[in-house]
Amino acid sequence: MTEISIATKMSDTRQTARIGVYVCRCGLNIAKTVDCKKVAEDISGTDDVIVSKDITYACSEPGQMEIQEDILEHGLDRVVVASCSPRLHEPTFRRMMLKAGLNPYLLEMANLREQCSWVHIHEPEAATQKAEDLVKMSVARVRLLSPLTEQVLPMIKKTLVIGAGVAGIQAALDLADNGYEVFLVEKNPSVGGTMAQLDKTFPTMDCSI
Amino acid sequence: MADAGRHPDIKLHTMSEVVSVKGYVGNFEVKLVKRARYVLEKECTACGECAKVCPVVFPDEFNVGLSSRKAVYIPFPQAVPSSYLINMDECMGRGCSKCLDSCDKKCINFHASDEEITVKVGSIVVATGLEPYDPRPMDEYGYTRFENVVTSLEFERIVNAGGPTKGSLIRPKDRKRPKSVGFIQCVGSRSKRKGGEYCSNICCMNTIKGTLVLKEHYPDIEIKVFYIDIRAFGKGFEDLYNRSRSLGVQYLRGLPGSVEELPDGTMRVAVENIATGRIEFHDLEMLVLAIGMKPSSGTQKLQEMLGLQLTPDGFYLEAHPKLQPVDAATRGIFYAGCAEGPKDIKESVTQGSAAAARAIRLMHKGTISSEPITSEVIADHCKSCGICAEVCPYNAITVDVKKKTPAIVNTAACAGCGTCAAECKFGAIVMNHFTDEQIVSQINTLLAEKAQDKILTFACNWCSYAGADYAGVSRLQYPANVRIIRTMCSGRVDEKFIWHAFEKGAPVVLVSGCHIGDCHYIDANRWTEKRVEKIRRKMEKRGIRPERLQLEWISAAEGIRFAKVMEKMEELRRSVSAEEIAETLKILKEKSLKEKQGG
Ligand SMILES: Cc1cc2nc3c(=O)[nH]c(=O)nc-3n(C[C@H](O)[C@H](O)[C@H](O)COP(=O)(O)OP(=O)(O)OC[C@H]3O[C@@H](n4cnc5c(N)ncnc54)[C@H](O)[C@@H]3O)c2cc1C
Ligand code: SF4
Ligand code: SF4
Ligand code: SF4
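Residues numbered from 1 in each chain as written. Chains lettered and ligands numbered in written order. Predicted model: local features only at pLDDT ≥ 70, side-chain atom pairs only at ≥ 80, totals over all residues. Heavy atoms only, no water.

Draft legend 1. Highlighting the state of the cysteines. Residues and elements named next belong to chain B. Following the criterion strictly, the structure yields one disulfide over all chains and no others. Paired through a disulfide, Cys463 and Cys514 show a sulfur-sulfur distance of 2.4 Å. Of note, the bridge from Cys463 to Cys514 carries an S-S torsion of about 100 degrees and is right-handed in sense. Placement of the pair is Cys463 in the loop between β26 (455–460) and α12 (464–473) and Cys514 in the loop between β28 (508–513) and α14 (524–542), with a sequence separation of 51 residues. Like Cys514, Cys463 is buried. Summary of cysteine pairing: Cys47 is not part of a disulfide, and the nearest cysteine sulfur, belonging to Cys103, is at 6.1 Å. What makes Cys47 exposed here is its relative accessible area of 52%. (Disulfide = S-S within 2.5 Å. Helix = DSSP H or I, 4+ residues; strand = E, 2+ residues; numbered from the N terminus. Buried < 20%, exposed > 50% of the residue type's maximum accessible area, 1.4 Å probe, protein only.)

Here it is, written out as C-alpha cells:
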C-alpha cells in the first residue's frame, strides 16, 4: 500500500468487516444541499459495505432503532454515521452501539452538516461530491478500527475550589453541604473577594456581607 | 462568608496559591504554597492589642489606600478567618517585637515560614474572579492628575458606612462634601483602544446604585451620568434606573473627551452630547469613573497549569457557551463567577451552585471511566531512545535509556495527544483510535481521485475542528474542496503522513491546531510547530516548495478565521501546477529508491 513504515500491533489481523453506512438527512439541514440518497447509493458498492442508506434523523429514537435493527438483522459489526459533527453526537451513537451489542469504538462519523452542507450552501454538486469523499474516508477508517475498552479508575470525592469570592464560597458550601470535602484556596488573607468591599449592592440595595 | 470558615467539611487555606497541578480528572494532585501569617490563625481572638502598639503605618489596601493600617493588621473587621497577620516587608523586624509583648495569648510567631501543602482531589472549581480595571492609562479623565477623580471602587469605600469616612460623602482633595457629582461610564470597557472591548456588565447598575445611595442621603445633590447606553437588563434593574431618573439624576449620552481642574478643585468635563450634537462643558465637584473589570491577575499562570483555554478577552473559555456554561473543556474542571466573564453577584452565586452540582454529578459514583484513546508501546520495535518520554506533556512514559528497557506508557496518565507516536522514529508506538494505518487510509481515500483539486487539512479535535464546526454553525461559506482529517491533537500529525500525502499527489497540506498556550494537551502543539518547521526545511532542501505545507492556529471560537484560512489555502492550491506535482512525485520516488538501495 505505502512505502512508509507504519506502527502496527501484531494482534491486528482482522477478518473482513461488515459495515453499515447511514447518511443522515437531518431533516433538510443536510438534504437541502447534499443529495443524501445518491451518496448512499454510490457508497453501497464499496467493499465490506453491507447496508448503505439515507435516513431522516439518525439521532432520533426511530433513527437509532432502525440502525440497531439492521445491526442485528445483517450481522453488522461496524457503523458509519454521516450526519452532524461528532463533537455533538458521537456519545449518542456510541451508546447506541453498546445497546446493539457492539463495541462503541467501532463507530465512525462523517461530518456532513457543520463541515459540508452548511458551509457550501450554494454548491449542491460540489457538496455532494465532498460528502461522498467524506463517507468513503470514514468507511476506509472504520474498517481498520479496533475495539477498545474503557478503564474504570477510582474517583477522589474531594474538590479544590480556587478563589474565595462569592462564587467560590457558594460552590464550596454547596459541595460541603452535600458531604464532599472541599479545599478552599484564597490568595488574600481573608475570604470575600470583591464583594467584601461593597456596602450596598444592586438590585436589593442591602449590605453585601 | 463566615459559614465558609466554620464548615467542618471545608478546609480553608488563605494566603495560599496553587503552584503545580498533576494528574487528571478523578485524581488531581495539587501543590499549594501557604504564605506565613506570623499570627496563629486559630488562636488569635482579633482583640487588636498588637495593632495598637505597632509603630509602622501603611495605606490600607482594603480601603483602596484612603485610610491607614499598621504592619500587623486585620484586612477588615468581618474578615474570615478572624485573625491578624503581619506584613513582614513592612515590619521593623525582630528588634521591635512590641506586638509580641502585647499579645496575651502569645499567638505571634516571627519564626513562622511559608508552608507547602499537597492535596488530592477529584475535581477543581476555578473561581478566581475579577480585577478592577486600572484607569491610569485613561489620562483624558485625569485620574492620575486630579485628586477629586476617583474610581467607583474608591467611591464604594467612601460611601460605605464601615469605610474610612464612616459613610459620609467627602471629596479627597479638601475633604469637603461635594454639591455635585459626575459619573463617567464604560471606563476600561467597550473600547478598542483601552481596556477591554467587552461590556463589563455591572458598571451601569453600580452607577445607578451609587446615584440612589447619594440621593437618599443628600436629596439636593446634583448628579450627572455620562454614558454610551445604559444596560439595565436584569430582573428589577429597570425599576432602579427609573427611580434614579425620577429623583432628578441627569443621564447625558456621550463620553467626555477631556477633564480639567478649576482652581477651586471643581472638575470641568468637556463632552459631545450625542442627543444635541453639541460640545458641552459641565462643572462638577467630584468625578467617579465607572471602572470595568478584567480577569484576575493570576489567570494566565493558572490556565497554563490546568491546561485550560481563554477567550480573546482573557476570561476562561467554557466547553459550550449555551449548553455547558460552567464546564471547562478539560474533564473535571469547572468555572464559577467572574473568572468565566463579567457578571454580578447573583449570577456569580448561580454559577457557584451550578459548578458544585456539576462536580457532584461527576464524583458521586466514586469511579470514573477513562477514554481508552491512549498510546501503546510495541516493545519489540522500541529502541529505548527516550524521545517519547521527553515529548510527552504528561510525563506518562518511562524509559530507562541506560538499561535499554523498552518504554512503558502509564495509560491512566496518558491523555491521548499522540505526540509520542508522531515522534517515535522506530514505529514503536501505536496511538489507539488514531493509528498510522487508520490515518493513512483516510489520506489514501481522499487523494484517490483528482488529488490535485483537494485541500488536505489536519484539524485537532478541541480547537481547529471545533473552529470548523463553528464556521458551519455560523453558515460561513468556503471552498468545497477542503477535506478534514480529525486528530485529537495537532501533535499527532506524523511527519510520514505529510510525505505520504505529497507522494499521493497532494497539492497542499494544512496542519491546524490550538494557539500556542491554549493546547488542550498542555504544550503538545510546540512539537507540532517544531515538526512542521523541520519538514519545511527538508522540503526546501529537496526542491519542493515549502509553502505547500502550512501551519495555522485556529481556536474553537474562530469560525471566521477558519473560513479565511480555507480561502487562503485554495489560493495557494491554485498556484500549484500539475507539473509541479509531477516533479514532486519524481523527487520523492527517487529519494525512496535511493534509501532502499542505501540499505
Ligand atoms: C466597583 C464594583 C461594584 C460592584 N457592585 C456590585 C453590586 O452592587 N451588585 C452586584 O451584584 N455586583 C456588583 N459587582 C460585581 C461583583 O463584585 C462580582 O459579581 C462578584 O464579586 C464576583 O464574585 P467572584 O467570586 O466571581 O469574584 P471575586 O469577588 O473577584 O473573588 C475572587 C476571589 O478569588 C481570589 N483569587 C484570585 N486569583 C486567585 C488565585 N490564583 N489563587 C487563589 N485565590 C485567588 C481573589 O483574591 C478573590 O478573593 C461590583 C463590582 C465592582 C468592581
Ligand atoms: S455595564 Fe454599562 S458602563 Fe459597564 S461596560 Fe457595559 S455599558 Fe459600559
Ligand atoms: S520513542 Fe519509540 S523507540 Fe524511543 S523509547 Fe519511545 S517507543 Fe521506544
Ligand atoms: S499520547 Fe500523548 S499523553 Fe499519551 S503517552 Fe503519548 S505523548 Fe503522552
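Additional details are given in the paragraphs that follow.
Draft legend 2. Geometry of the site of ligand 3. Residues in close proximity to ligand 3 include Cys382(B), Lys383(B), Ser384(B), Cys385(B), Gly386(B), Ile387(B), Cys388(B), Val399(B), Cys424(B), Phe426(B), Ala428(B) and Ile429(B), which together make up its full environment. Classifying every residue of the shell around ligand 3 gives nine nonpolar, two polar and one charged. (Near = heavy atom within 4 Å. Nonpolar A, V, L, I, M, F, W, Y, C, P; charged D, E, K, R; others polar.)

Draft legend 3. Region of the structure containing the sheet that holds strand β7 (residues 181–185) of chain A. Taken in spatial order, the five strands line up as β1(B)-β7(A)-β6(A)-β9(B)-β20(B) in an open sheet, and their pairing is parallel. The open sheet terminates on both sides in strands that have one partner only, identified here as β1 (10–13) and β20 (333–335) of chain B. Taking the axes of each pair of neighbouring strands and ignoring which way they run, one obtains an average angle of 20 degrees across the sheet. Strand direction decides the pairing type here: strand β6 (residues 158–162) of chain A and strand β9 (residues 123–126) of chain B, joined by four bridges, are parallel. Within the sheet, the bridge partner assigned to Leu160(A) lies in β9(B) and is Ile124(B). Lying on the sheet, helix α7 (residues 299–306) of chain B is in contact with β6 of chain A together with β9 and β20 of chain B; it crosses β9(B) at an angle near 160 degrees. Running at roughly 165 degrees to β20(B), helix α8 (residues 345–363) of chain B makes contact with β6 of chain A together with β9 and β20 of chain B of the sheet. (Pairing = 2+ DSSP bridges. Axes fitted to C-alpha atoms, helices over the stretch in contact; angles between N-to-C directions. Contact = heavy atoms within 4.5 Å.)

Draft legend 4. Focus on the side chain of Thr528(B). All names here are of chain B. Looking at where Thr528 falls in the secondary structure, it is placed in helix α14. In this structure Thr528 comes out as buried when scored by relative accessible area, which is 2%. Those residues in contact with Thr528, other than ones at most four positions away along the chain, are Ser490, Gly491, Val511, Leu551 and Trp553.

Draft legend 5. Fine view of the interface of chain A and chain B. Tallying the contact residues gives 94 residues for chain A and 132 residues for chain B. Buried surface at the junction of chain A and chain B, summed over both partners, amounts to about 9900 Å²; 63% is from carbon and sulfur atoms. The three residues of chain A that bury the most area against chain B are Met155(A), Gln197(A) and Phe202(A), which together make up 8% of that side's buried surface. Our count for the chain A to chain B interface comes out at five salt bridges. Close ionic contact of Asp133(A) with Lys454(B) constitutes a salt bridge, the shortest N to O distance being 2.8 Å. Contributing elements (two or more residues each) for the side of chain A that touches chain B: α3 (86–99), α4 (113–117), α5 (124–144), β5 (151–154), β6, α6 (166–177), β7 and β8 (200–201) of chain A. Looking at the side of chain A that touches chain B residue by residue, the class counts come to 47 nonpolar, 25 polar and 22 charged. (Buried area = accessible area lost by both parts, 1.4 Å probe. Salt bridge = Lys/Arg side-chain N within 4 Å of Asp/Glu carboxyl O.)

Draft legend 6. Focus on the domain arrangement of chain A. Taken domain by domain, chain A holds domain 1 (19–144) and domain 2 (158–197). For domain 1 of chain A versus domain 2 of chain A, the distance between C-alpha centres works out to 46 Å. (Domains from an automatic or database assignment.)

Draft legend 7. Here's a closer look at the side chain of Asp518(B). Residues and elements named next belong to chain B. Considering the arrangement of structural elements, one finds Asp518 in the loop between β28 and α14. Within the buried core, Asp518 has no salt-bridge partner, and the shortest N-O distance to an opposite charge, that of Arg526, equals 9.7 Å. Here Gln303 takes part through its side chain, which lies 3.3 Å from a polar atom of the side chain of Asp518. In contact with Asp518, not counting residues within four places along its chain, are Gln303 and Gln309. (Lys, Arg positive; Asp, Glu negative; His and termini not counted. Polar contact = N/O pair within 3.5 Å; in protein donor to acceptor, adjacent residues only side chain to side chain.)

Draft legend 8. Local environment of the site of ligand 1. The immediate surroundings of ligand 1 are formed by 34 residues, with Glu186(A), Lys209(B), Cys338(B), Lys343(B) and Ile345(B) found nearest. Close to ligand 1, residues of chains A and B are found. Val166(A) is positioned with one of its backbone polar atoms (N or O) 3.1 Å from an oxygen atom of ligand 1. Leu130(B) has a polar backbone atom sitting 3.1 Å from an oxygen atom of ligand 1. Coverage of ligand 1 by the protein chains reaches 97% of its 1000 Å² of free accessible surface. Mapped onto the shell around ligand 1, the elements with two or more residues apiece are α6 of chain A together with β2 (16–24), α4 (152–159), α5 (203–217) and α8 of chain B. When its residues are assigned to classes, the shell around ligand 1 shows 14 nonpolar, 14 polar and six charged. (Areas by Shrake-Rupley, 256 points an atom, 1.4 Å probe, with all protein chains shown as cover.)

Draft legend 9. Expanded view of the pairing of strand β13 (residues 222–227) of chain B. All names here are of chain B. Counting buried positions along β13 gives five out of six residues, so the element sits mostly inside the fold. In the sheet, strand β12 (residues 180–187) pairs with β13 via five bridges, with the strands oriented parallel. Counterpart to Ile184 in the pairing with β13 is Phe226. Pairing geometry for β13 and strand β14 (residues 250–253), over four bridges, is parallel. Residue pairing for β14: Tyr227 is matched across the bridge by Arg253. Following the backbone out of β13, through helix α6 (residues 237–246) and into the adjacent parallel β14, one traces a crossover that is right-handed. (Right-handed = clockwise from strand over helix to strand, strands pointing away.)

Draft legend 10. View of the nonpolar core. Membership of the largest hydrophobic core comes to 94 residues, with the highest contact counts inside it found for Val21(A), Ile397(B), Ile443(B), Phe458(B), Val509(B) and Leu549(B). Counting residues per element, this core draws most heavily on α5(A), which supplies seven residues. Beyond its immediate sequence surroundings of up to four residues, Ile397(B) is in contact with Cys388(B), Ala389(B), Cys392(B), Ala407(B), Ile408(B), Val409(B), Cys420(B) and Ile429(B). Val191(A), Phe62(B), Ile108(B) and Phe110(B) belong to the second-largest nonpolar core, a separate cluster that totals 56 residues. (Core = buried A, V, L, I, M, F, W, Y, C linked by side-chain atoms within 4.5 Å.)

Draft legend 11. Inspection of the pairing of strand β17 (residues 278–284) of chain B at higher detail. Residue and element names in this part refer to chain B. In this structure, strand β16 (residues 267–273) lies alongside β17, joined through seven bridges in antiparallel fashion. The partner of Arg268 across the bridge, within β17, is Asp283. Counted between consecutive antiparallel strands, the loop separating β16 from β17 contains four residues, among which Gly277 sits at a positive phi close to 75 degrees.

Draft legend 12. Structural context of the packing of helix α1 (residues 36–43) of chain A against α5(A). Residue and element names in this part refer to chain A. The N-to-C vectors of α1 and α5 enclose an angle of 40 degrees; their axes lie 10 Å apart at closest approach. Taken together, the axes of α1 and α5 are oblique relative to one another. Crossing of α1 over α5 shows right-handed handedness. Each of Lys38, Val39, Asp42 and Ile43 in α1 lies in contact with α5, whose residues at this interface are Thr128, Ala131, Glu132, Val135, Lys136 and Val139. Of the residues belonging to the contact of α1 with α5, the class tally is five nonpolar, one polar and four charged. (Parallel < 35°, antiparallel > 145°, perpendicular 65-115°, else oblique. Left-handed = near helix turned anticlockwise from the far one by under 90°.)

Draft legend 13. Inspection of the confidence of the model for chain B at higher detail. The predicted model of chain B has a mean per-residue pLDDT of 94, with 99% of residues at 70 or higher. On the interface metric, ipTM, the complex scores 0.82, and its pTM is 0.77. (pLDDT = per-residue confidence, 0-100.)

Draft legend 14. Region of the structure containing unusual backbone geometry. Following Phe202(A), the chain continues into Pro203(A) via a peptide bond in cis, with omega recorded as -5 degrees. Residue placement: Pro203(A) occurs in the loop between β8 and β9 (206–207). Of the consecutive residues Val80(B) and Pro81(B), the connecting peptide bond is found in the cis state with omega at 0 degrees. Tracing the chain through its elements places Pro81(B) in the loop between β6 (72–73) and β7 (85–86). Of note in the backbone geometry, Cys186(B) takes a positive phi value of approximately 55 degrees without being a glycine. Tracing the chain through its elements places Cys186(B) in strand β12.

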